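For reference, the chains in residue letters:
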Amino acid sequence: MRKWTITSALLLLILLSIVPDQGRKNQANAEESESDNLVDPPKIEDKLGAVPHGLSTDSDVVKRESESMSRKTLRKSAEKFEFQAEVSRLMDIIINSLYSNKDIFLRELISNASDALDKIRFLALTDKEILGEGDDTKLEILLKLDKEKKILSIRDRGIGMTKEDLIKNLGTIAKSGTSAFVEKMQTSGDLNLIGQFGVGFYSVYLVADYVEVISKHNDDKQYVWESKADGAFAISEDEWNEPLGRGTEIRLHLREEAGEYLEEDKLKDLVKKYSEFINFPISIWSTKEVDVEVPADEDDSEDESPEKSSTEDEEVEEDGEKKPKTKTVKETTSEWEVLNDVKAIWLRSPKEVTDEEYSKFYHSLAKDFSEDKPMSWSHFTAEGDVEFKAVLFVPPKAPHDLYESYYNANKSNLKLYVRRVFISDEFDDLLPKYLNFLMGLVDSDTLPLNVSREMLQQHNSLKTIKKKLIRKALDMIRRIAEEDPDESSEKDNTDAEKSNDNDEKKGQYTKFWNEFGKSIKLGIIEDAANRGRLAKLLRFESSKSDGKLVSLDQYIKRMKTGQKDIFYITGTSKEQLEKSPFLERLTKKNYEVIFFTDPVDEYLMQYLMDYEDHKFQNVSKEGLKIGKDSKDKELKDSFKDLTKWWKDALVTENVDSVKLSNRLADSPCVVVTSKFGWSANMERIMQSQTLSDASKQAYMRGKRVLEINPRHPIIKELQERVAKDPEDASVKQTARLMYQTALMESGFMLSDPKDFASSIYSSVRSSLNISPDASVEEEDDVEETEVETETKSETKDNEGKVDVEDDSESAYKDEL
């Protein structure tokens, strides 16, 4: 039994080995029989050189190419190969899920073409003969469309690929031929694959169902690589297409749904968006209709109508002879049109770039067609662990919706390039939101990217780039202030007046602050690491600025001897704050007070606690210290009874305490809040919020303290009356009215405006000696009845008129 089992197994193995061989022989015989019936394929003429412009051909080559391009099937005489397993998985991922934006296929192919041109240019540095002669010396990228056959061709005169290169680069994944590579890519791992030809190339199958790669290397013959992304590819010696001389041409046989890529305008837009700053010229074979004047035939002129013949040009010369008649006809012309004429100025030294070039580059980058120049720019190169070049611009004006969509907008004005290829402008990792008004770009050769180049990974290099960009951006803004004569000191102003070179920069920082000042304030709130640098950029008006903007450094220089705190006040307008009772004594003692009138200032001062060892003090809150403030203890004791009585009289008003004030000069009293609670202005802002909840805001409201001026005559009189009769109702009413008035003057909103108004009217009634029992006269009902009667009669008259009009209209219709 055991012998029979062994014998059966041997027979089965022999049968299995014979069947595939027989199948391959049958297939080979079939191919040979088919090839015998075919005429010998045409050969490329040995003496046929590279045709000018690369993609243009003579009639014979056009015929052969036409036969080649129209087949969309693998050549039977080609050598067949199977894709590496990882490549098949890679193409499946790309076609179905990886690339969310099909437009990037052109970016990938142009990037690969640029790499090939870079390689041949590098080799030519040591061997000039490697470039060849004639058109081969032109390092360029050419695009051409064939709308009838739905073919898009991309041609470069780069280093080209040998047969072995085609197999290795397009059949396997360069340097990463493992399944782990694909698994990392599926999970968006950290992949540094930029510039490796075999990766981005497969994005062609997003738009094409059949691809030909024709390539010629100096060390090999010209070959054709072709595939339908079905798990196999074929390579054959090229006997159909024009000789390339050197380089690579990729032909995409576009899918039905990819017809938009057969439009010149679409390709031009893609090149402008993604590849505008490639080092080599990118040209497209552009077809246009132009008006051409041709001689008009006599027969044509006779047949034409008088109107049409009148449009023909017929001029009389000075000697009386007539010029021949001409007519204008439409002619179709084709020529190479260069698409990337804007130079990548960031690759040059800043000393070599003129102001006009920076301005032109800014307008191209920002798509700004006005004549306004950018306020400033910074052009620098960063070296170290991550090397990159960058150019940053401060726009002349802020977009109208800069702050309306501040926390919702994902798009940044900073573009990321890698080897001059546009990658993305939708990320938050290179510049913080408060600097999103800046325009510019970053170009790095070492930045790690994922395979699709659409998502930046969380990498330490990004943090390094971000720190350097922020520092350079803040230095650029600071430089605007330093170069502005209006921002300089008096000594600097004297020197500036001697020179007229700074006229253009005069008032530039004020202009910047009016446009983007809110962004600096938001930066102080959001960026704790750079809070000190941003604070130096703050500008504001003050009680001594005479309408000009001043900085914190200028404020500190003008501080009085012994002054430790920086005084400020918040409100709705400068005019309102100048009249505030909180400033009375500070103004008399010649202290400077900063005016903050922007709603965001309230949030700003919650984060900006001090500056240069000086703390900020809100003069509308308790705890204000003015110089060496020596309070007379006897004065406090003398008003102790009044303050206690007043607090009891305001028991329903939620007043925390009543104190003597050190900030009042002319006003009798004022209401202040606790040091860490909301100010009156902040309460107003929070109550104005659309979705505010009063019950949840109660705990943030500061305790209210009534401060009285012991030197004011009203307070002195009130003290005397309270001493005489603490239970006097009129005195209590006066004290309550004074508190409500002070509350309103201090910027608070009254909880019961009707009660306040009634108190005012009662006071007016008393001052006019009107009896409290005097009532308002009632309206006479008779007069109202007469008015109603008149109204009814008018209505009847109007109705009568309408009836007459209706009758006349019906009579007119009857006549008709």
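Residues numbered from 1 in each chain as written. Predicted model: local features only at pLDDT ≥ 70, side-chain atom pairs only at ≥ 80, totals over all residues. Heavy atoms only, no water.

Our working rule: UniProt positions are given in the numbering used here, feature names are shortened, and annotations may be inferred rather than shown by experiment.
The name that an unreviewed UniProt entry assigns to the protein is Endoplasmin homolog, with the source organism given as Papaver somniferum. Under the heading Sequence similarities (unreviewed entry), UniProt records this for the protein: "Belongs to the heat shock protein 90 family." In the Subcellular location (unreviewed entry) part of its UniProt record, the protein is described as follows: "Endoplasmic reticulum lumen".

## Thoughts on the nonpolar core
The criterion, for reference: Grouping buried Ala, Val, Leu, Ile, Met, Phe, Trp, Tyr and Cys residues that are joined through side-chain atoms within 4.5 Å yields what is termed a nonpolar core. Each residue's exposure class comes from its accessible area (1.4 Å probe, protein chains only) as a fraction of the maximum for that residue type: buried when under 20%, exposed when over 50%, partly exposed otherwise. In this entry, domain limits derive from an automatic or database-based domain assignment. In what follows, residue pairs with any heavy atoms lying within 4.5 Å of each other are defined as contacts.
Ranked by internal contacts, the top residues of the largest apolar core, which has 74 residues, are Phe388, Val394, Leu435, Phe437, Leu469 and Phe512. Both of domain 2 (345-487) and domain 3 (629-769) provide at least three residues apiece to this core. If near-sequence neighbours (up to four positions away) are discounted, Phe512 is found in contact with Met375, Val394, Phe437, Ile477, Gly517 and Ile520. With 68 residues, the next largest nonpolar core counts Leu131, Val207, Leu339 and Tyr417 among its residues.

## Remarks on the sheet that holds strand E7 (residues 247-254)
Keep this limit in mind: A pair of strands is labelled paired if DSSP reports no fewer than 2 bridges between them. Only DSSP runs of H or I covering at least 4 residues are called helices, and only runs of E covering at least 2 are called strands; the numbering of each starts at the N terminus. To obtain each axis, a line is fitted to C-alpha atoms, and for helices this fit is confined to the stretch in contact; angles are then taken between N-to-C directions over 0 to 180 degrees.
Strands sit in the order E1-E6-E5-E4-E7-E3-E2-E8-E9 across an open sheet of nine strands; the sheet is mixed. A single partner strand is all that each edge strand has here, and the edge strands are strand E1 (79-82) and strand E9 (326-338). With direction set aside, neighbouring strand axes in the sheet form an average angle of 25 degrees. Relative to E7, strand E3 (residues 151-156) is paired through six bridges, and the arrangement is antiparallel. When the bridges of E7 are listed, Ile154 appears paired with Ile250. With respect to the sheet, helix H5 (residues 163-171) is in contact with E1, strand E4 (208-216), strand E5 (222-227) and strand E6 (232-237), its orientation differing from that of E6 by roughly 165 degrees. Lying over the sheet, helix H8 (residues 264-274) contacts strand E2 (141-146), E3, strand E8 (282-295) and E9, oriented at roughly 135 degrees with respect to E8.

## Brief notes about a nonpolar patch on the surface
Inclusion rule: Two distance rules govern patches: like charges are joined within 9 Å, and nonpolar side chains (Val, Leu, Ile, Met, Phe, Trp, Tyr) within 5 Å, applied only to residues with over 30% relative accessible area and no salt bridge. Only the protein chains shown count as cover for residues, with accessible areas throughout obtained via the Shrake-Rupley method and a probe of 1.4 Å. Any Lys or Arg side-chain nitrogen found within 4 Å of a carboxyl oxygen on Asp or Glu counts as a salt bridge.
On the surface, a cluster of nonpolar side chains totalling about 330 Å² of accessible area is made up of Phe122, Leu123 and Leu125. Tracing the sequence through the fold places Leu125 in the loop between helix H4 (104-124) and E2.

## Some points on the pattern of salt bridges
Tallied over the full model, the rule gives 34 salt bridges. In this structure, Glu612 and Lys536 form a salt bridge, with 3.4 Å as the shortest nitrogen-oxygen distance. Taken together, the positions of Glu612 in the loop between strand E18 (610-611) and strand E19 (614-618) and Lys536 in helix H15 (residues 531-536) put the pair 76 residues apart, joining distant regions of the chain. Where Lys574 meets Glu578, a salt bridge forms, and the shortest distance between an N and an O atom there is 3.9 Å. With Lys574 and Glu578 both in helix H17 (residues 574-578) and four residues apart, the pair spans about one turn of that helix. Among the residues examined, Glu578 registers a relative accessible area of 45% and is labelled partly exposed. Within this structure, Lys518, Lys521, Asp598 and Asp601 form a network of salt bridges that share partners.

## With respect to the confidence of the model for the protein
Stated formally: pLDDT is a per-residue confidence score from the predictor, ranging from 0 to 100.
In the predicted model, the protein carries a mean pLDDT of 77, and 71% of its residues have values of at least 70. Ranking the helices and strands of the protein by mean pLDDT puts strand E17 (residues 594-596) first, with 96, and helix H1 (residues 2-37) last, with 44. Confidence drops under a pLDDT of 50 for residues 188-198, and excluding neighbours within four residues, the segment shows 33 contacts in the predicted structure. Under a pLDDT of 50 for its full length, residues 490-494 has, in the predicted model, two contacts with residues more than four places off or in other chains.

## Brief notes about a positive patch on the surface
Our working definition: The charge count includes Lys and Arg as positive and Asp and Glu as negative, but it does not include His or the ends of the chains. Where a charge sits is defined by one atom per residue type, namely NZ (Lys), CZ (Arg), CG (Asp) or CD (Glu).
On the surface, Lys564, Lys615, Lys625 and Lys675 cluster together into a patch of positive charge. Note on placement: Lys625 falls in the loop between E19 and helix H20 (633-638).

## Describing the sheet that holds E17
Pairing is mixed across the open sheet formed by five strands, whose spatial order is E15-E17-E16-E19-E18. Among the strands making up the open sheet, the edge pair consists of strand E15 (541-542) and E18. Where strand E16 (residues 566-570) and E17 come together, three bridges link them in parallel fashion. When the sheet's bridge partners are listed, Tyr568 is paired in E17 with Ile594.

## Quick word on the environment of Ile130
For Ile130, the position within the fold is in the loop between H4 and E2. Separated by ten residues in the primary sequence, Ile130 and Ile120 have C-alpha atoms spaced 7.8 Å apart. Discounting residues that sit within four places of it in the chain, Ile130 has contacts with Ile120, Leu123, Ala124, Asn218 and Arg246.

## Some remarks on helix H11 (residues 355-366)
Spacing of three or four residues puts side chains on the same side of an α-helix, whose turn is 3.6 residues. Short version of the rule: Expected span, for any helix, means 1.5 Å times one less than how many residues it has.
Helix length check: H11, at twelve residues, gives a terminal C-alpha distance of 16 Å against a target of 16 Å (1.5 Å per residue), a fit within 8%. Of the positions making up H11, those classed as buried are Tyr358, Ser359, Phe361, Tyr362, His363, Ser364, Leu365 and Ala366. Close packing links the buried residues of H11 with strand E10 (376-382), strand E11 (388-394), strand E12 (414-418) and strand E14 (439-444). After H11 finishes, the residue Lys367 shows a positive phi value of roughly 55 degrees.

## Here's the deal with the side chain of Asp238
For the record, the criterion: Each polar contact in these results corresponds to two N or O atoms within 3.5 Å; when the atoms are within protein, one needs to be able to donate a hydrogen and the other to accept it, and residues that are neighboring in sequence are counted only if both atoms are side-chain atoms.
Along the chain, the position of Asp238 falls in the loop between E6 and E7. Judged by its relative accessible area of 4%, Asp238 is buried. Of note is the side chain of Asp238, whose polar atom sits 3.1 Å from the backbone nitrogen of Trp240. A polar atom in the side chain of Asp238 sits 3.1 Å from the side chain of Asn241.

## Some words on the environment of Ala390
Position of Ala390 relative to the elements: it lies in strand E11. Its relative accessible area of 0% is what places Ala390 among the buried residues. Between the C-alpha atoms of Ala390 and Ile345, which are 45 residues apart in sequence, the distance is 10.0 Å. Beyond its immediate sequence surroundings of up to four residues, Ala390 is in contact with Ser378, His379, Phe380, Leu441, Val442 and Leu469.

## Section: the pairing of strand E13 (residues 421-424)
One ladder, built from three bridges, connects E12 with E13; its direction is antiparallel. Opposite Val418, over in E13, you have Val421 as the bridge partner.

## Points about unusual backbone geometry
Even without glycine at this site, Asp546 takes up a positive phi of about 55 degrees. Within the secondary structure, Asp546 sits in the loop between E15 and helix H16 (552-557). Backbone geometry places Asp613, a non-glycine residue, at a positive phi of 65 degrees. Mapped onto the elements of the fold, Asp613 is located in the loop between E18 and E19. Owing to a relative accessible area of 81%, Asp613 belongs among the exposed residues under this scheme.

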